[in-house]
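Understanding the architecture of this molecule
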Amino acid sequence: HVPYTLKHETKLSQEFTSYFAFAEEKLAELKELGQLADQDNYQESEVYQKNKALFAGERDCHNEEVTKRLSGVIEKDYIRLPKRSERQALQKKELKLPEFPTTTIGSFPQTKDVKANRSAFRRGEISKEEYVAFNKKKIADCVKWQEEIGLDVLVHGEYERNDMVEYFGEALGGFLFTEKAWVQSSGTRCVKPPIIWGDVYRDKPITVEWSVYAQSQTDKIMKGMLTGPVTILNWSFPREDVSLKEMAYQIGIAIRDEVCDLEAAGIRVIQIDEAALKEKLPIRRAEWHSEYLDWAIPAFRLCAGKIRPETQIHTHSEFNEIVKDIDNMDADVISFEASRSNLTIIDALNAAHFETEVGPGVYDIHSPRVPSVDEIVDALRKMLAKIDPDKLWVNPDCGLKTRGIPETEASLKNLVAAAKIVRGELETK
Ligand code: GLN
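The sections below set out a description of the structure shown in this document. (Residues numbered from 1 in each chain as written. Predicted model: local features only at pLDDT ≥ 70, side-chain atom pairs only at ≥ 80, totals over all residues. Heavy atoms only, no water.)

**What about the nonpolar core?**
With 95 residues, the main nonpolar core has Ile 255, Ile 313, Phe 319, Leu 380, Met 383 and Leu 415 as its most contacted residues. Broken down by element, this core gets its largest block of residues, 11 residues, from helix 12 (residues 288-304). Look past the residues within four positions of Leu 380 in its chain and what remains in contact with it is Val 362, Leu 392, Val 394, Ala 418, Ala 419 and Val 422. Ranked by size, the runner-up nonpolar core spans 11 residues in total, among them Phe 16, Leu 176, Ile 195 and Trp 197. (Core = buried A, V, L, I, M, F, W, Y, C linked by side-chain atoms within 4.5 Å. Buried < 20%, exposed > 50% of the residue type's maximum accessible area, 1.4 Å probe, protein only. Helix = DSSP H or I, 4+ residues; strand = E, 2+ residues; numbered from the N terminus. Contact = heavy atoms within 4.5 Å.)

Quick look at the structure:
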């Protein structure tokens, strides 16, 4: 989880790097600490003095506007009105979706051409116009593809995103980036976490142009796609001079601006991913709320506190053991990994009187295996034995960015066919 060395970071100025320690630098620091520990007068040593001076110095990382906006947040900003059950009725009327709406979690296959386009742009080999035109073509094709497959709520495919956190870090103010500070994310996938250096703010819309373009390609509902504040925080390197809570709220306000802009631009369903919500849960259960969830859940709620009740908020997260808190995020719909967990989670949801509409993933996206129609129908029937038909969504377990095109198409076609079969069964009941 620690990048290798600062040595090859040629673009970051010393003003910043003097505060950082990746693996090699940490080893050097360990050695220094060992030496200092053996010295009676360690306070006089040059190493100690240098470090002390560094942290005593002024750091240019405050943004008054951010402080002002944060101090202006009031109780009401965390509360969506009317309450969820009433919103659900309004949304059903507005969105006119079929029973068991089908959707995906956001990303579509990041094939070689998508990555090549991004690299060419980064290296300055193509212009911004060429880069954007390529992605728009990808989006248009992806929308058409989803229409042909027969999905109900479409996505733009996330072709412009290298990674769901790095992308937002790059677009927000207050972050720094490295060239080579890779860490392992899962399997052979690696990411370059952004570094939170200063107060976080958003000075212009980030995703609106892509989502609006995608919506312009279809009459179906286009789902806006954002990463939530807790996940952005948990998958970045945080600063140490302010609390995690404060950083989460700063990012929350930035994401709220984006949510409001998407809504104003006509996007009616917005997903705010919180895949990393559980990652900073304290080891001691007794501290789960006081030290973490009591600000992490409000940070998410802040993002959606100012929108119309008809706008549907989705999230994608995981929630073993924190079911109540997840319900308390007050999203309208949550999708989550379920295909490998034998659906035991659904019992936990029922036991907690879970109110959010749910999309338990009906197939595992971590392998290229194509689930059969029968298999998905079977999973849906099992879910329906326990979930109110009004509250069930049909979707894969997670985003499709690591998958290939053939298996994605085959799996999603089977998913849509399965949803249709189960709809038919509901009608004949
Ligand atoms: N929207 C993201 C994607 O589809 C969500 C992934 C995640 O939360 N892990 O890739």
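Having seen the model, we can carry on.
**Concerning the side chain of Asp 152**
Structurally, Asp 152 is set in the loop between helix 7 (128-149) and strand 1 (153-154). A residue is classified by how much of its surface remains accessible, and Asp 152, at 11% relative accessible area, is buried. Of note is the side chain of Asp 152, whose polar atom sits 2.8 Å from the backbone nitrogen of Thr 102. One polar contact links Asp 152 to Arg 423, side chain to side chain, over a distance of 3.0 Å. Ignoring anything within four residues of it in the chain, the contact list for Asp 152 reads Leu 97, Pro 98, Phe 100, Pro 101, Thr 102, Lys 220, Ile 221 and Arg 423. (Polar contact = N/O pair within 3.5 Å; in protein donor to acceptor, adjacent residues only side chain to side chain.)

**Considering empty space enclosed by the protein**
For the structure on display, the rule yields four cavities of 30 Å³ or more. One number sums up the size of the largest cavity: a volume of about 50 Å³. Forming the boundary of the largest cavity are 13 residues, of which Thr 103, His 314, Val 333, Ser 335 and Asn 395 lie nearest the centre. Elements represented by at least two residues in the lining of the largest cavity include exactly strand 8 (312-316) and strand 9 (333-336). (1 Å grid on protein atoms, 1.4 Å probe; cavity = no way out; pocket = protein on both sides within 12 Å on 5 of 7 lines; lining within 4 Å. Points joined across faces, edges and corners; volume = space filled by probe spheres on them.)

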